[in-house]
Amino acid sequence: MSTATAPPVDRLLYTPEEAAEALAIGRSTLYELMADGVLTYIKLGRSRRIRRTDLETYVAGLAPLPN
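What you see is a predicted model, and the numbers here were worked out from it, not measured in a lab. (Residues numbered from 1 in each chain as written. Predicted model: local features only at pLDDT ≥ 70, side-chain atom pairs only at ≥ 80, totals over all residues. Heavy atoms only, no water.)

Trainee: Can you walk me through the environment of Thr 3 in this structure?
Mentor: For Thr 3, the location among the structural elements is in the segment before strand 1 (13-14). Take Thr 3: its relative accessible area is 69%, and that puts it in the exposed class. In the structure, Thr 3 is positioned 31 residues away from Met 34 in sequence and 41 Å away in space, judged by C-alpha atoms. (Helix = DSSP H or I, 4+ residues; strand = E, 2+ residues; numbered from the N terminus. Buried < 20%, exposed > 50% of the residue type's maximum accessible area, 1.4 Å probe, protein only.)

Okay, structure coming up:
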């Protein structure tokens, strides 16, 4: 008998820890980006959440290093 598993949920909001993992950076680096206003976030009560679109915008704005 097989058990059906649900497909992974495509998140719209990420915790700072999840966002740091998605970007492959450290948690403190992510908090620095948030504090500097480089990466925007929203507050839900006392929690901070980062929109998926804000993560995508941040990554799209990164400039590659010249060779």
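Trainee: When you look at the side chain of Asp 54 in this model, what are you seeing that I'm missing?
Mentor: Note that Asp 54 resides in helix 3 (residues 52-60). Its relative accessible area of 15% is what places Asp 54 among the buried residues. Aside from chain neighbours lying at most four places away, what touches Asp 54 is Leu 39 and Thr 40. (Contact = heavy atoms within 4.5 Å.)

Trainee: I keep staring at helix 1 (residues 16-23) and nothing clicks. Help me out?
Mentor: Residues three or four positions apart in an α-helix share a direction because the helix packs 3.6 residues into each turn. All of the buried residues along helix 1 are Pro 16, Ala 19, Ala 20 and Leu 23. Along helix 1, the residues classed as buried sweep out an arc of 100° about the axis, all on the same side. For helix 1, the exposed residues lying more than 90 degrees away from the buried face are Glu 21 and Ala 22. Tucked inside the fold, the buried residues of helix 1 contact strand 1, helix 2 (27-35), strand 3 (47-51) and helix 3. (Arc of directions from axis to C-beta.)

Trainee: Got a minute to help me understand the nonpolar core in this structure?
Mentor: Ranked by size, the top nonpolar core spans 11 residues in total: Tyr 14, Ala 19, Ala 20, Leu 23, Leu 30, Leu 33, Met 34, Leu 39, Ile 50, Leu 55 and Tyr 58. For this core, the elements supplying multiple residues, two or more each, are helix 1, helix 2 and helix 3. Discounting chain neighbours no more than four positions away, the residues touching Ala 20 are Ile 25, Gly 26, Arg 27 and Leu 30. (Core = buried A, V, L, I, M, F, W, Y, C linked by side-chain atoms within 4.5 Å.)

Trainee: I would appreciate a short explanation of the pattern of salt bridges in the present structure.
Mentor: Any two side chains of opposite charge can pair if their charged atoms end up close together. In the structure shown here, the tally under the stated rule is five salt bridges. Residues Arg 11 and Glu 18 are paired through a salt bridge, measuring 3.2 Å at the closest nitrogen-oxygen approach. Between Glu 56 and Arg 52 there is a salt bridge whose closest N-O contact spans 4.0 Å. Here Arg 52 and Glu 56 lie together in helix 3, a separation of four residues that amounts to about one turn. Using a relative accessible area of 46% as the deciding quantity, one classes Glu 56 as partly exposed. Exposure remark for Arg 52: the relative accessible area of 22% places this residue in the partly exposed category. (Salt bridge = Lys/Arg side-chain N within 4 Å of Asp/Glu carboxyl O.)

Note that all results are geometric; they support no functional claim without further evidence.
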